[in-house]
Amino acid sequence: MSGERASGRLRRMGVAPICALMLAACGSSHPTSGVDLPPLRDETLDAQLVDAIEQTRARGCDFLEPAYCLFPWPNDYFTVADAATDTGRRIDLPLAAMPKNLAGLPLRPDEWNRNDGFSPGQMMVTYVPGLDPEVSGIGNITDIEASLDADAPILVIDADTGERHPIWVEIDASETARTLCDAPASVFDIADLVAGELGIEDVVANLGAVVDGLGAGCTLTLQPILAALGEALHDTLLPNNALKVDPPALLMRPAKNFRDGHRYIVAMRNLKNAQGEIIEAPAAFRVYRDRYSSAFEEVNARRDHMEDIIARLARHGVRRDELYMAWDFTVASTRNLAGRLLHMRDTALASLGEAAPGFEITEVTDFETGETIRRVQGRYTVPNFLTLPDGICDNLLPPVSALVDYCARLETLGALLGGDELPLLGDLIGAASDAVGLLVELGQVPLSRLYYEGDSERPSINPLMPTQSFDFQCEIPRTALASFEDADTWLRPATPTLYGHGLLGGKGEVGGGSTRRLREQNFMHCAIDWIGMATRDVPSVLTYLLDMSFFPTLPDRVQQSIVNWHVLTRLIQHPDGLASHPAFQTADGRPVFDPAKVVYDGNSQGGIIGGAVMATSTDITRGVLGVPGANYSTLLRRSVDFDTYGALLYTSYPNSFDQSFILSFIQMLWDRAETNGYMNHLRRPDAYTALGHPTPNHEVLLHVAFGDHQVADLTPEVMSRSYDGAVHLPGTEPGRHTGVNPFALIRPAVDGEDGSVMVVWDIGPLNPDNPDNPGTAPSPAANTPPRQGRDPHSDPRADVAGGIQREAFLREDRYLDVCADRPCFTRGYLPADVASGAAGNAAPLVNALPEVQAKPGGRAAVTAIAADPDRDELAYQWQIVAGADCVAGIGDAGAASTELALAAACTRSEIVLRVTVSDGRGGTASEITRVRLVGADGSRQSPADG
């Protein structure tokens, strides 16, 4: 800006007279650094700060980075002191600073302003004009350890200890920014889908060519004018408006979660452009770094704080004169992150007293074939912490035909979402259009929030509707018993397992392929909907993609859902719960599952949110998180699943900086309802106990799909570092992982250990000539989804060896290396040296199912599940080790499953059998199992002579 314009602007802002500058120029001794600072320079940069200071005064922006009101982010500038919080601070975002959607509606920060800090997994966002990360020597996701180097250009340190924190840095490569020239096509696409649902597609069909022409013409002629107008408005009335075209933001992510309640400092230094030239720091930061005078009260009020940051950096090897920018932020406390859910958990379980949750069985279906012998569906009662019923399809009678149609639509959509194919946007819009009709007739939207009494920070049970009922579905495995009609049936009580479904799906997924490998090993899976992120929430999801002010409904509802899981666990464990109902008993009244130990198994979304269930469970201590990740702000742009939903978000918030900020911002609430907010304490939740919420230790097994198209495979690595888990090594073939040091900062797993382990499963490199397995490419280093080859997302859960590993972890409390000290391969892939035999022969592995109860004179089934790391064909052989006199006959002793005919006169307490599998190349494996002889009442027979 010209000097005359700046001078006039300064006068209009009522700047203090020159004597104030003289006073400000006096030297000072900073209370934190203990080092005498040189006096302020006589020179001032105020003329360069005028626009930014105007935005600070008008909207509450941070003037450090004038490119965007809320940069740099996260930032303690947007907090206030609050002695009532554990961190001593509270988020304080002004409405005027918040992004606006295309309709001009600001994102309301009220719920975020309840937080006492930022997310432990917060994505840091800012902008550095002209930055070239490669020339600057900045490490991306392929080299997170570069951020720990002494000369790292971008680093994060713990403000108190000075400890370096591992991060990676990337420039947003998503290319999702929109302009008004894109709007006609985006609006047309949505209108076309809605028109199809309403049966008037012919009306808009001919507009496609017109819209394409408008878009092309707009880009050619109007876009430069619109962009210039956007810049002008940015400098005056409407910063970061929809017309403004912003460049990609600079993104920094923790490779390990920040510690709850800690303060961190972000430092950027010696940043270079593509020509290798040092980029000059913003004027607002140079005022502090180089100690320029200022007449602006806002600038001088911040000096002590900025000097504290610079001094702390200097004590840990970061020189003042090399800084481009530095700022600080405080991570939310454990109480703020987990306290709501822990309070809800304890309140809900305490309300049960010594009783089982109320329940009813609504449907029982028996099957002649398949892994499930009986499906049981029912409803159970849970304390309600929500303001509205979970869903009009669940808790209200259908008063109008529209309600029935709407619920039917959701059921159809649920089937689509629970399948292998992603739903079309038209399917989602169809549910939403039905919701609009429902809104007209019922006068309500299927949104709900947590219920708070007064100014309490802890949710309460809703006094107007203290309970709600939710549906559940259980799959009793065929390996548990021979028949529900025969009172003399053999019985192998199943291990009860909670199953968490995938993205916006439903409980019906529990009977599909995702649970097959465990059901065939005698696990009984029970599932409920993840309310908040289930099929019936799709209309709500679409609502807040258009206006993110509605986003808080998602984490609120998911927290209720996690409480629902904890109550379901009690229903499974309690003697008056499911085990007391005939649907879960043999004909003579024996329970078909053992309630002594309940475990968790979830995939995709069930792995992402499942970590929060595990971390807060008082009754479950072991779980498997299949294709998991954390956090959602990292996952969304790296997932093909978000293509559909992101299109709506990006149309509503077309500005590039807005998009990056929002995806970071919503994580602060998502923490309450997904693994990210809990994984610092997932294994050792001492902090929860210290808050008055006793919680046991937990261990989890992560099954990761290398190159996953839906859940970024880098995020389980962040999880493992955060809770000090281990990784199976070698994790991949040499050169397959793009990391400089693959799986850096994660300890190697030890076969047989009882702790948490991550295992990466690989379907192999790209091989388009193989129609069954075309392979997959490594995930891109940029924040974009993998798209090459096959999506391996569903393959780890289908692997037989992976199933054996999951069984050992859940039932035997041990990590079992099923990959013979090699990387773990799936979907039939083998490296050339293994396939040829050059790598040697690996022994097979086998799991004989747990002991079976049978009556003398009856029959007993024994089953073995086996796999071979070399994919060799296996032979089975059963042998009676003890109690042969009690066996009247055996079926096929060379089969994986066989049946024994038991002698009626047997008085032994058990029969011992060994199964041996061989691979035909000298490799064998054996395991023991037992038949336990029981009397007519099901009690164990007393041993006679062994």
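Here, every reference points to the structure presented above.
Presented here is an overview of the structure given in this document.

Observations concerning the pairing of strand E22 (residues 845-848)
- Along E22, one buried face is formed by Leu845 and Asn847 and the opposite face, lined by Val846 and Ala848, is buried too.
- Pairing analysis gives four bridges linking E22 to strand E24 (residues 859-867), with the strands arranged antiparallel. Following the sheet pairing, Asn847 is matched in E24 by Ile865.

Brief notes about the pattern of salt bridges
- Scanning all chains against the criterion turns up 58 salt bridges.
- Here Asp160 ties to Arg312 by a salt bridge, and the two come within 3.7 Å at their closest N and O atoms. A residue pair is termed long-range when its members are at least 10 positions apart, and Asp160 in the loop between strand E4 (154-158) and strand E5 (164-165) and Arg312 in helix H10 (residues 303-315) qualify at 152 residues.
- Taking the relative accessible area as the measure of exposure, Asp160 reaches 58% and is therefore exposed.
- On the basis of relative accessibility, which here comes to 15%, the residue Arg312 falls in the buried class.
- Arg289 is the salt-bridge partner of Asp290, the closest N and O atoms lying 2.9 Å from each other.
- On the accessibility criterion, Arg289 (14% relative accessible area) is buried.
- Linked by salt bridges that have partners in common, Glu111, Arg114, Arg340, Arg449, Glu457, Asp556 and Arg672 make up one network.

Concerning helix H22 (residues 656-665)
- Within H22, 10 of the 10 residues are buried, which leaves it mostly tucked inside the rest of the structure.
- Residues of H22 that are buried include every one of Ser656, Phe657, Asp658, Gln659, Ser660, Phe661, Ile662, Leu663, Ser664 and Phe665, and no others.
- Summarising the contacts, the buried residues of H22 are in contact with strand E3 (124-126), strand E7 (250-254), helix H20 (632-635), helix H21 (642-652) and helix H23 (667-670).
- In this structure Asn655 caps H22, since a side-chain oxygen of it lies 2.9 Å from the backbone nitrogen of Phe657.

Description of the packing of aromatic side chains
- The tally for this structure, following the rule as stated, stands at 26 aromatic pairs.
- Aromatic side chains Phe118 and Phe329 sit 6.5 Å apart centroid to centroid with 85 degrees between the ring planes, which places their arrangement in the edge-to-face category. Here Phe118, found in the loop between strand E2 (89-91) and E3, pairs with Phe329, found in strand E9 (residues 323-330); they are 211 residues apart in sequence, far enough to count as distant. An identical accessibility class is assigned to Phe118 and Phe329; each is buried.
- Judged by centre distance (6.3 Å) and plane angle (80 degrees), the rings of Trp565 and Tyr600 are edge-to-face.

Re the environment of Gly731
- Residue placement: Gly731 occurs in the loop between strand E18 (726-727) and strand E19 (747-748).
- On the accessibility criterion, Gly731 (5% relative accessible area) is buried.
- Residues Gly731 and Asp762, 31 residues apart in the sequence, show an inter-C-alpha distance of 9.0 Å.
- The residues contacting Gly731, other than those within four sequence positions of it, are Phe743, Val760 and Pro823.

Examining the nonpolar core
- If you look at the biggest cluster of nonpolar residues, it comprises 177 residues, and the most contacted ones within it are Ile476 and Phe584.
- At nine residues, the largest contribution of residues to this core is made by helix H17 (residues 553-573).
- Residues contacting Ile476, with those up to four places away along its chain left out, are Glu371, Thr372, Ile373, Arg374, Val376, Leu481, Phe484, Met524, Ala583, Phe584 and Val592.
- The next biggest cluster of nonpolar side chains, apart from the first, holds 26 residues, and it includes Val846, Ala848, Val887 and Val917.

Re the state of the cysteines
- For the structure on display, the rule yields four disulfides.
- Covalently, Cys61 is tied to Cys69 through a disulfide, its sulfur atoms 2.0 Å apart. Judged by the sign of its S-S torsion, about -100 degrees, the cystine formed by Cys61 and Cys69 is left-handed. Assigned by exposure class, Cys61 and Cys69 land together as buried.
- The disulfide that involves Cys474 links it to Cys526, with 2.1 Å between the sulfurs. Disulfide Cys474 to Cys526: torsion about the S-S bond roughly 110 degrees, handedness right-handed. On the criterion of sequence distance, the pair formed by Cys474 in strand E12 (residues 467-477) and Cys526 in strand E14 (residues 523-527) is long-range, its members being 52 residues apart. When sorted by exposure, Cys474 lands in the same class as Cys526, which is buried.

So, the side chain of Thr330
- Position of Thr330 relative to the elements: it lies in strand E9.
- For Thr330, a relative accessible area of 7% gives the class buried.
- Within polar-contact distance, the side chain of Thr330 engages the side chain of Asp76 at 2.7 Å.
- Residue contacts for Thr330: discarding those within four places in its chain leaves Asp76, Thr87, Arg89, Gly117, Phe118, Gly261, His262 and Arg263.

Observations regarding the sheet that holds E4
- Spatially, the four strands line up as an open sheet ordered E5-E4-E8-E9, and their pairing is antiparallel. In this open sheet, the two edge strands, each paired with only one partner strand, are E5 and E9.
- Of the strand pairs in this sheet, strand E8 (residues 263-269) and E9 are connected by seven bridges, and their pairing is antiparallel. Its bridge partner being in E9, Arg263 is matched across the sheet by Thr330.

Details of the environment of Lys244
- Relative to the assigned elements, Lys244 resides in the loop between helix H7 (207-235) and E7.
- Lys244 sits in the buried class, given a relative accessible area of 6%.

Brief notes about the sheet that holds strand E26 (residues 887-890)
- Spatial strand order, E22-E24-E27-E26: four strands in an open sheet with antiparallel pairing. Edge positions in the sheet fall to E22 and E26, since each has one partner strand and no second. Neighbour-to-neighbour, the strand axes of the sheet open up by a mean angle of 25 degrees, direction not taken into account.
- Where E24 and strand E27 (residues 897-902) come together, five bridges link them in antiparallel fashion. Residue pairing across strands places Ala861 opposite Glu899, the latter belonging to E27.
- Here helix H27 (residues 800-811) sits on the sheet and contacts E22 and E24; the angle it forms with E24, its principal contact strand, is near 115 degrees.

Focus: the packing of helix H11 (residues 334-352) against H17
- With their axes 10 Å apart at the nearest point, H11 and H17 run at an angle of 35 degrees to one another. Viewed along their axes, H11 and H17 form a crossing whose handedness is right-handed. Taken together, the residues of H17 that come into contact with H11 (itself represented by Arg340, Leu341, Met344, Arg345, Ala348, Leu349 and Leu352) are Gln559, Gln560, Ile562, Val563, His566, Val567 and Arg570.
- Residues belonging to the contact of H11 with H17 are distributed by class as follows: eight nonpolar, three polar and three charged.

Considerations on the side chain of Arg721
- Assignment of secondary structure puts Arg721 in helix H25 (residues 715-722).
- Ignoring any residue separated from it by four or fewer positions in sequence, one finds Arg721 in contact with Ile144, Ala255, Lys256, Ala744, Leu745 and Ile746.

A word on unusual backbone geometry
- Residue Phe71 is joined to Pro72 through a cis peptide bond whose omega torsion reads -10 degrees.
- Its location among the elements puts Pro72 in the loop between helix H3 (46-59) and strand E1 (79-81).
- Here Ala630 and Asn631 are connected by a cis peptide whose omega angle stands at 10 degrees.
- Secondary-structure assignment places Asn631 in the loop between strand E16 (622-626) and H20.
- The residue Asn270 is not glycine, and still its phi comes out positive at about 50 degrees.
- Tracing the backbone shows Asn270 in the loop between E8 and helix H8 (283-289).

Let's talk about the packing of helix H16 (residues 538-546) against H21
- It is at 8 Å that the axes of H16 and H21 come closest, and there the two elements cross at 30 degrees. Judged by the angle between their axes, H16 and H21 are roughly parallel. Here H16 contributes Val541, Leu542, Leu545 and Leu546 to the contact with H21, which in turn contributes Tyr645, Leu648, Leu649 and Ser652.

Side note on the environment of Arg637
- Looking at the secondary structure, you find Arg637 in the loop between H20 and H21.
- Linking Arg637 and Thr176, residues 461 residues apart in sequence, is a C-alpha distance of 9.4 Å.
- Discounting residues that sit within four places of it in the chain, Arg637 has contacts with Asp172, Ser174, Thr176, Leu251, Tyr650, Gln659, Ser660, Leu663, Asn783, Thr784 and Pro785.

The rules we used
Residues numbered from 1 in each chain as written. Predicted model: local features only at pLDDT ≥ 70, side-chain atom pairs only at ≥ 80, totals over all residues. Heavy atoms only, no water. Buried < 20%, exposed > 50% of the residue type's maximum accessible area, 1.4 Å probe, protein only. Helix = DSSP H or I, 4+ residues; strand = E, 2+ residues; numbered from the N terminus. Pairing = 2+ DSSP bridges. Salt bridge = Lys/Arg side-chain N within 4 Å of Asp/Glu carboxyl O. Contact = heavy atoms within 4.5 Å. Polar contact = N/O pair within 3.5 Å; in protein donor to acceptor, adjacent residues only side chain to side chain. Phe/Tyr/Trp six-rings, centres within 6.5 Å; stacked < 30°, edge-to-face > 60°. Core = buried A, V, L, I, M, F, W, Y, C linked by side-chain atoms within 4.5 Å. Disulfide = S-S within 2.5 Å. Axes fitted to C-alpha atoms, helices over the stretch in contact; angles between N-to-C directions. Left-handed = near helix turned anticlockwise from the far one by under 90°. Nonpolar A, V, L, I, M, F, W, Y, C, P; charged D, E, K, R; others polar. Parallel < 35°, antiparallel > 145°, perpendicular 65-115°, else oblique.

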